[in-house]
Amino acid sequence: MTAPDARWTLAIDHGTTTTVGAWADVDPRDGWVRVGPVGVDGFPTMPSAVLSRPDGAVLAGRPALEAGALDPAAALLRTRPHLAASTGGPPELLTQYPRPTTAVDVATALVATVVRAEAARRGTLPSSIVLLHPAAWSSAACEALRSAGRAALSAIPYTSPDQLQLLDSPRAAAHRLGGQGRLLVVDLGGAATELAVVDRGGDGTGSVAAVRTVNVGGEVLDDALAQLVLDRAPQPFAARVRFGGDLEAYRAWFRLRTSVREGKETLASRGAVAVTLPPLPPESPGPGVVQLTHADLGAMLAPGLEEIAQGIAAIVDTLTGPRPAMLVRGGLAEMPRVREWIAERTGFGLAHGGDPGAVSAFGPASGAAAWAAESLGLGRR
């Protein structure tokens, strides 16, 4: 791998459930900057999962999730809230068994995986790397993320801490969308929903005018759907998974929740999904299947969406001047008619204008990568 290439930049969005990366580079054919997603293990998104094996090897993404099916106690999932809670003191241990680690260690492994994947594909290193974070994060939480980025770069030859930048996700999402004036970014994330009003400048810069967090996220929905599957599963199976406390019960719950999370996309797009119950030795429910439908999803989503709508009203009430346009994104926004319901309930028009990139999983990361490229003066002006 060679030294940093002044032709491309990289941005990484370490989310609660998934981690995504995006690149921006100069097209040699016409000199314009273009963006695209980073592929890791053949996918444009990577589970935010890390597992340290007994032999010392660290797995990140899908390999960690697959290994966690056999060793669930060692699989670290949904660790970004620990990073967000950083107070600037000693890194918080996420687990004592079987292999202690910290939220900074987890973020380091995820960031390094994305950097190595794209750098290996190109054979060069980026000239700039941007790490995204919620606008509501404290300075200590941002420094914890910066520490993770620096640790990831320290293990890669020819890189420097000077290449690292941080940018909040609402401004990155607004930059990807483009345009001027105020924009309300509604990010329905895994742990919570962040509402942020961004003042977009004509020169591509922006500032966050207001921010509010609503404790409604996709992870809560995943847990609720998994519990609903257990409610409908054979009683002996459900009781052992919930109360057994043995290794096989932990493995069954890990596999069940993973299946529910992966099946949620099918449920959203097709209206129904069949969740196969995982094996539970020495007993097994056999080829047991539990059906979930849109009706199940709607009943769970409705209270959370109403809370988000109330949060939108509260943050907008603090503003003066014209009502901002609204960009609704994040995992929950992919559910059927969620964007439309929020728009109808709040009276805000949707701002993405049919641009799938603005609301995609890598939307903020692609905006951040383009922002970094423009900051370096890359491409045609």
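Labelled according to an unreviewed UniProt entry, the chain appears under the name Hsp70 protein, originating from Actinomycetospora rhizophila.

Undergrad: Just to check I follow, could you spell out the sheet that holds strand S16 (residues 206-214) for this structure?
TA: Strand pairing within a sheet occurs via backbone hydrogen bonds; the two strands may be parallel or antiparallel. An order of S16-S15-S14-S19 is seen for the four strands of this open sheet, with the pairing classed as mixed. Of all the strands in the sheet, just S16 and strand S19 (325-329) have a single pairing partner and so form its edges. Geometrically, the sheet is characterised by an average inter-axis angle of 20° between neighbouring strands, direction not taken into account. Sheet topology note: the strand S15 (residues 193-200)/S16 ladder contains eight bridges and is antiparallel. In the sheet register, Ala196 faces S16, and the bridge partner there is Val211.

Undergrad: Which parts of the structure should I look at to understand helix H8 (residues 247-270)?
TA: What sets the pattern is the α-helix's 3.6 residues per turn: residues three or four places apart point alike. Here H8 spans 34 Å end to end across 24 residues, near enough to the 34 Å set by a 1.5 Å rise per residue. The sharpest bend along H8 comes to roughly 35°, located at Gly263. Two to three positions downstream of the cap, the backbone nitrogen of Glu248 sits 3.2 Å from a side-chain oxygen, assigning the N-cap of H8 to Asp246. Immediately beyond the C-terminal end of H8, within one or two residues, lies Gly271, with a positive phi of roughly 90°.

Undergrad: In this structure, what is going on with the confidence of the model for the chain? I would like to understand it.
TA: Any residue range with low pLDDT should be treated as having predicted coordinates unsuitable for detailed reading. Averaged over the chain, the pLDDT score is 90; the fraction of residues at 70 or greater is 96%. No element of the chain has a lower mean pLDDT than strand S1 (residues 4-5), which averages 66, and none a higher one than strand S12 (residues 129-133), which averages 98.

Undergrad: Just checking my understanding: could you explain the packing of aromatic side chains for this structure?
TA: Here the distance between the centres and the angle between the planes together describe a pair of aromatic rings. Under the counting rule described, the total for this entry stands at zero aromatic pairs. Over the aromatic face of Phe43 sits the side chain of Arg62, whose NZ or CZ is 3.8 Å from the ring centroid. Here Arg323 stacks its cationic end above the ring of Phe348, 4.0 Å away from the centre of that ring.

Undergrad: Before we go on, may I ask you to explain the nonpolar core in this structure?
TA: Generally speaking, soluble globular proteins have nonpolar side chains that are buried together. Grouped together as the largest cluster of nonpolar side chains are 46 residues, with contacts concentrated most on Val186, Leu188, Ile308, Ile312, Met326 and Ile342. Per-element tally for this core: the top contributor is helix H9 (residues 294-316), with seven residues. Ignoring any residue separated from it by four or fewer positions in sequence, one finds Leu188 in contact with Thr193, Leu305, Ile308, Val328, Arg329, Gly330, Gly331, Leu332, Ala333, Val338 and Ile342. Listed in part, the 37 residues of the second largest apolar core include Leu76, Leu110, Leu131 and Ala141.

Undergrad: When you look at H9 in this model, what are you seeing that I'm missing?
TA: Along its 23 residues, H9 runs 31 Å from first to last C-alpha, staying within 8% of the 33 Å computed at 1.5 Å per residue. For H9, the principal kink sits at Leu301 and spans about 35°; a proline, Pro303, occurs within the next four residues. Every buried residue of H9 is accounted for by Asp296, Leu297, Leu301, Gly304, Leu305, Ile308, Ala309, Gly311, Ile312, Ile315 and Val316.

Undergrad: Looking at this structure, I do not really get the pattern of salt bridges. What am I missing?
TA: A pair can form between side chains of opposite charge whenever their charged atoms are brought close. Applying the stated criterion across every chain yields a total of 22 salt bridges. Put simply, Asp55 and Arg53 hold a salt bridge, and the shortest N to O gap is 2.7 Å. With a closest N to O distance of 2.8 Å, Lys264 and Asp222 form a salt bridge. Of the two residues, Lys264 is situated in helix H8 and Asp222 in helix H6 (residues 218-232); the sequence distance between them amounts to 42 residues.

So, how was this worked out
Residues numbered from 1 in each chain as written. Predicted model: local features only at pLDDT ≥ 70, side-chain atom pairs only at ≥ 80, totals over all residues. Heavy atoms only, no water. Pairing = 2+ DSSP bridges. Helix = DSSP H or I, 4+ residues; strand = E, 2+ residues; numbered from the N terminus. Axes fitted to C-alpha atoms, helices over the stretch in contact; angles between N-to-C directions. Expected span 1.5 Å × (residues − 1). Bend = angle between axes of the 7 residues up to and from the residue. Polar contact = N/O pair within 3.5 Å; in protein donor to acceptor, adjacent residues only side chain to side chain. pLDDT = per-residue confidence, 0-100. Phe/Tyr/Trp six-rings, centres within 6.5 Å; stacked < 30°, edge-to-face > 60°. Lys NZ or Arg CZ within 6 Å of the ring centre and 35° of its normal. Core = buried A, V, L, I, M, F, W, Y, C linked by side-chain atoms within 4.5 Å. Buried < 20%, exposed > 50% of the residue type's maximum accessible area, 1.4 Å probe, protein only. Contact = heavy atoms within 4.5 Å. Salt bridge = Lys/Arg side-chain N within 4 Å of Asp/Glu carboxyl O.

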